[in-house]
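# Architecture and fold: a report
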Amino acid sequence: MSRYPFADVEPRWQRFWEERRVFRTPDRSDKPKYYCLDMYPYPSAAGLHVGHIEGYTATDIVSRYKRMRGFNVMHPTGWDAFGLPAEQYAVRTGVHPAKTTADNIANFRRQMKRLGLSYDWDREVNTTDPAYYRWTQWIFLKLFERGLAYVAEVPVNWCPQLGTVLANEEIVDGKSEVGGFDVVRRPMRQWVLKITAYADRLLEDLKLVDWPESTLEMQRNWIGRSVGADVDFALDGHPGHVRIFTTRPDTLFGATYMVLAPEHPLVDVVTTPAQRAAVTAYGEAATRKSDLQRAELTKEKSGVFTGGHAINPANGEKLPVWIADYVLMSYGTGAIMAVPGHDQRDWEFARAFHLPIREVVTGGNVDEAAYVDLERGVAVNSTAPDRSFSIDGLEAARAIPKITEWLASRGQGRRAVNYRLRDWLFSRQRYWGEPFPIVWVDGEPVALPEELLPVRLPETDQFRPAGTGEKPEGPLAALREWVETTDPRSGRAARRETNTMPQWAGSCWYYLRFLDPENPDRIVDPESERYWMPVDLYVGGAEHAVLHLLYARFWHKVLFDIGVVSTPEPFMKLVHQGTILGEDSQKMSKSVGNVVGPDEVVDAFGADAVRLYEMFLGPLEASKPWNTNSVEGITRFLDRVWRLYVGEDDRLHVDESEPPAAALRVLHRTIQKVTEDLEALKFNTAIAQMMVFVNEATRLEARPRPLLEPFVLLLAPFAPHLAEELWRHLGHRESLAYAAWPAFDPALVVEDSVTVAVQVNGKLRATLELPRGVAEADARAAALADERVRRFVDGAEVRKVIFVPDKLVNLVLGAR
RNA sequence: GCCGGGAUGGCGGAAUGGUAGACGCAGCGGACUUAAAAUCCGCUGGGGGAAACCCCGUGCAGGUUCGAGUCCUGCUCCCGGCACCA
């Protein structure tokens, strides 16, 4: 029995596509454009895994389909090749990360080509290539020029084992995301990007994109915009005031104490001599704690009274000032007014330290729990002592603006907006990253001129972090000849910045470089940018829902502001492919031993089978387990397709007969279904319909060309090697990559007769074959004539008939 | 705790408020074969029945509707994210 000879066919077509540069994309064209982008991979030593294949196959199918629909399709890939694993490997083995990276890239490229992915390989980019990172550095200069990159002494997450600082997002459960090492907080001089300056636009412009709701929500939460008021509380016995942020200024009369973050600068001022020792001890303990340790203690509120007091601006009351680590220095002003009656955290703290709780909003019982409902309840006990002001009787929606205006008029407060989003910690004490285009002159950072870019990563064979535990520095700091330089503008002695950029940097703008990868003079040609942007479809893992996707949007908006890009958002439609689990429904992992590798399955079943199988598994977005048995099912399908066209003698046995009408209808329904499903990215149901077609076609005695030739084109995006081979067998000289997608005849997708469901009181009792377009009266008569229906009607009055044309007759009976 | 998504046969899954289970896997039966594999054909949610057919069935409990897997209310469990953000 002949089978699809994938081992022969697939490499042959891969060579054909490569040698003829079939998927080379012109920079511009009269055709409409379609930009179809994958999240490019980090080329790990492990090679591609079956999870990568899922997303890459999906975009490949869409790209091939769009080409056949007449689009000029941009479908590139490249390598996010800076990063920790190669550097960690270098520390262990001494093998230079550039070598490791090059080897891994070669392996990834080989594996991707084996899958028949139709990338334009002439547009490949590599973030570690100086010709690429030159432009990453260029963007940094633009950020620096605009005051969006600054140096700050900030408490950072220092990972001693990795010898580097990590962003909050790179820490999972208090451990480093890479390696799972301990992380401690420590103040350090760092580069920081002012992403908070774009918080509002990053939030607002989420309206412009077609993204999964869960991802939009995660970004909104990450940005965490909240509107409220800043309120100033005078210090008792000291000049100046402490400023707090609150979203509930309407509860100001309910404040019974205040809390400063332990690191707050006013702690020293307000602390009384009697409390100083306790305050200092608490503060020192808090700064030493890692975030994990702080989080672990959330169940028990802790804190210390400073001995000092502040004055409530609303009623002149003296409020005790405490410090507690449930107030974070990094959010708002690092200080709060505590309203235990109407805030859960304050309530717990007040309970623990026997502080008074006062009700200022009706509706709950503040002795039992904080009452935080914003919708219900009105203000009480909220009148100024001189009766000049009151919000009593008002619900929160009215009370908040009223008291905010009152405070503003007295210079004691103002409306304020705060974000959870923090500025982006942008430097790493690493070797394998982009060097900063910065030199230090007299303790000030100075931008290098653009003409001197790229600042190349210097050669070394020492990859261990330099410096000491107290003053950690990256490996570059040890390279004296490189570090010591002169400021090219002033000629004065200078030291190079020895930190490098984080891995996110290169991936913030790679989608732009694909459009013009060789350009030595500009980051991207403006005309190409205007033609291709934005990305029409972006597919990648949900793990990038906030980090990469937020950082890239930020840089894009900066580039928009300086006129480099023409669209406010880079990625119009975003889809996350689901995780491919192991055969045991567990996450694939080496330690569990359930990892399935692409090479082994392509060896065993061929690229087309693996592509088709992953798409047939279920919806693209869903997580689903791998099942090798089912791959064999797909192999059977491809073999059936092969035998439909090619006989035992290995020759085409398609004939020139007229296809039967019924078979032609199945073909046209299949064209319709596959087309619609491709537009909706529903690959699994498209494949199911192709199976239906093949089952029907297999039943026929003849092998009519008018039936079988269009089907090859439908199959082509999914199983391109098999389709090209059949297309050639059918006598075509050219690749089908740009053949016109078949159209369906609307008259041929409907049957002459329809199956009408007959219900009695909503329960299915019979189905009838009736002519399409049957009139209600006729359908009703046919239904009532049916024995199976009559039995249930049994002389009862038919009170009502629901008729859905060509679908259903529902006979509703009166009570008997 | 909060936010988002989900739960359908033995398994992966399919179903604009209108015949639940398309398609595939696994299983069973048949054809071909000396035999097996491969291939082709058929059956395959549960229960009852000799059959015609009947009853039950989409996580649980209600509701809306002529009609609910689909819409609404309240739960349970699973997955992802956030986690003292004032």
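Residues numbered from 1 in each chain as written. Chains lettered and ligands numbered in written order. Predicted model: local features only at pLDDT ≥ 70, side-chain atom pairs only at ≥ 80, totals over all residues. Heavy atoms only, no water.

Moving on, we get to the protein's contact with RNA strand B. For RNA strand B, the set of nearby residues contains 58 residues, the closest of which are T247, K301, R345, R422 and N810. When the atoms of RNA strand B within 4 Å of the protein are sorted by group, sugar and phosphate make up 66%. Between RNA strand B and the protein, one listed contact pairs a phosphate oxygen with a side-chain N or O atom of S226 at 2.6 Å. Contact distances for RNA strand B include 3.3 Å between a sugar or linking oxygen and a side-chain N or O atom of T246. It is helix α22 (residues 683-699) that provides the largest number of residues to the surface near RNA strand B, a total of 7 residues. Considered class by class, the residues forming the surface near RNA strand B number 23 nonpolar, 17 polar and 18 charged. (Near = heavy atom within 4 Å. Polar contact = N/O pair within 3.5 Å; in protein donor to acceptor, adjacent residues only side chain to side chain. Helix = DSSP H or I, 4+ residues; strand = E, 2+ residues; numbered from the N terminus. Nonpolar A, V, L, I, M, F, W, Y, C, P; charged D, E, K, R; others polar.)

Our focus in this paragraph is the side chain of Q429. Within the element layout of this structure, Q429 appears in the loop between β17 (424-425) and β18 (438-441). There is a polar contact of 3.4 Å between the side chain of Q429 and the side chain of Q190. Within the local environment of Q429, its side chain forms a polar contact with the side chain of N499, the two groups lying 2.9 Å apart. When neighbours within four sequence positions are excluded, Q429 is seen to be in contact with W158, G163, T164, V165, Q190, P472, E473, G474, P475 and N499. (Contact = heavy atoms within 4.5 Å.)

The next point concerns the packing of helix α4 (residues 97-114) against helix α18 (residues 598-605). Angle between the axes and distance between the axes are the two parameters that describe a pair of packed helices. At their nearest, the axes of α4 and α18 sit 11 Å apart, and the two run at 30 degrees to each other. One way to sum up the angle between α4 and α18 is to call them roughly parallel. As for the relative orientation of α4 and α18, their crossing is left-handed in sense. Residues R110, Q111 and R114 of α4 pack against P598, D599, V602 and D603 of α18. Here the contact of α4 with α18 is built from residues that sort into 2 nonpolar, 1 polar and 4 charged. (Axes fitted to C-alpha atoms, helices over the stretch in contact; angles between N-to-C directions. Parallel < 35°, antiparallel > 145°, perpendicular 65-115°, else oblique. Left-handed = near helix turned anticlockwise from the far one by under 90°.)

Pairing within the open sheet is antiparallel, and its 4 strands lie in the order β6-β5-β9-β17. The sheet is open, and its two borders are formed by β6 (164-166) and β17, each paired with just one other strand. Here strand β9 (residues 184-193) pairs with β17 via 2 bridges, running antiparallel. Bridge assignment links V192 to a residue of β17, and that residue is L425. Packed on one face of the sheet, helix α5 (residues 130-145) meets β5 (149-159) and β9 and runs near 90 degrees to β9. (Pairing = 2+ DSSP bridges.)

Moving on: the packing of aromatic side chains. Applying the stated criterion across every chain yields a total of 45 aromatic pairs. Look at Y34 and F71: their rings are 6.0 Å apart centre to centre, the planes differ by 70 degrees, and that puts the pair in the edge-to-face class. One end of the pair, Y34, is in strand β1 (residues 33-38); the other, F71, is in the loop between α2 (50-68) and β2 (72-74), and 37 residues separate them in sequence. Ring centres of W424 and W555 lie 6.4 Å apart, and the angle between their planes is 45 degrees; on these two criteria the pair is classed as tilted. With W424 in strand β17 and W555 in helix α17 (residues 547-561), this residue pair connects regions lying 131 residues apart in the sequence. (Phe/Tyr/Trp six-rings, centres within 6.5 Å; stacked < 30°, edge-to-face > 60°.)

Turning to the pairing of β9, a few remarks are in order. By the bridge criterion, 10 bridges tie β5 to β9 in an arrangement that is antiparallel. Paired with V156 across the strands is R186, a residue of β9.

In this section: the nonpolar core. Grouped together as the largest cluster of nonpolar side chains are 89 residues, with contacts concentrated most on Y645, F683, F711 and F718. Setting aside chain neighbours within four positions, we find F711 in contact with V641, Y645, L667, M690, F693 and V694. (Core = buried A, V, L, I, M, F, W, Y, C linked by side-chain atoms within 4.5 Å. Buried < 20%, exposed > 50% of the residue type's maximum accessible area, 1.4 Å probe, protein only.)

The next point concerns the environment of L784. Here L784 is to be found in helix α25 (residues 776-785). Exposure remark for L784: the relative accessible area of 28% places this residue in the partly exposed category. Placed 744 residues apart in sequence, L784 and Y40 show a C-alpha to C-alpha distance of 63 Å.

A common way to state how big an interface is: give the accessible area lost once the parts meet. In terms of domains, chain A is made up of domain 1 (225-419), domain 2 (627-748) and domain 3 (753-813). Of note, the centres of domain 2 and domain 3, computed from C-alpha atoms alone, are 38 Å apart. (Domains from an automatic or database assignment.)

Mapped onto the elements, F253 comes out in the loop between β11 (241-246) and β12 (257-260). F253 sits in the buried class, given a relative accessible area of 1%. With residues near it in sequence (within four places) discarded, F253 still touches N312, A314, N315, R358, V360, N381, S382, T383, A384, F389 and I403.

Once that is clear, we can look at the pattern of salt bridges. One pass over the full model with this rule turns up 52 salt bridges. One salt bridge connects K142 with E450, and the closest N-O pair in it is separated by 2.9 Å. Note that K142 is positioned in helix α5 and E450 in the loop between β19 (444-447) and β20 (466-467), a separation of 308 residues in sequence. The partner of R225 in a salt bridge is D200, and the shortest N-O contact between them spans 3.1 Å. (Salt bridge = Lys/Arg side-chain N within 4 Å of Asp/Glu carboxyl O.)

Across the sheet, which stays open at both edges, the 4 strands sit in the order β2-β1-β24-β25 with parallel pairing between neighbours. Two strands close off the open sheet at either side, each with one partner strand: β2 and β25 (571-575). Along the sheet, successive strands turn relative to each other by an average axial angle of 25 degrees, direction set aside. With 4 bridges joining them, strand β24 (residues 535-539) and β25 adopt parallel strand pairing. Residue pairing for β25: V539 is matched across the bridge by V575. Most of the contacts of α2 go to β1, to which it runs at about 170 degrees, and overall it touches β1, β2 and β24.

Within the element layout of this structure, T59 appears in helix α2. Separated by 658 residues in the primary sequence, T59 and P717 have C-alpha atoms spaced 10.0 Å apart. Leave out the neighbours within four places in its chain, and T59 touches C36, L37, D38, H75 and V539.

The next subject is the side chain of T128. Tracing the backbone shows T128 in the loop between β4 (125-126) and α5. Overall, T128 belongs to the buried group, its relative accessible area being 13%. Among the polar contacts made by the side chain of T128, one reaches the side chain of N126 at a distance of 2.7 Å. Dropping the residues within four chain positions of it, T128 is found in contact with A81, F82, Y133 and W432.

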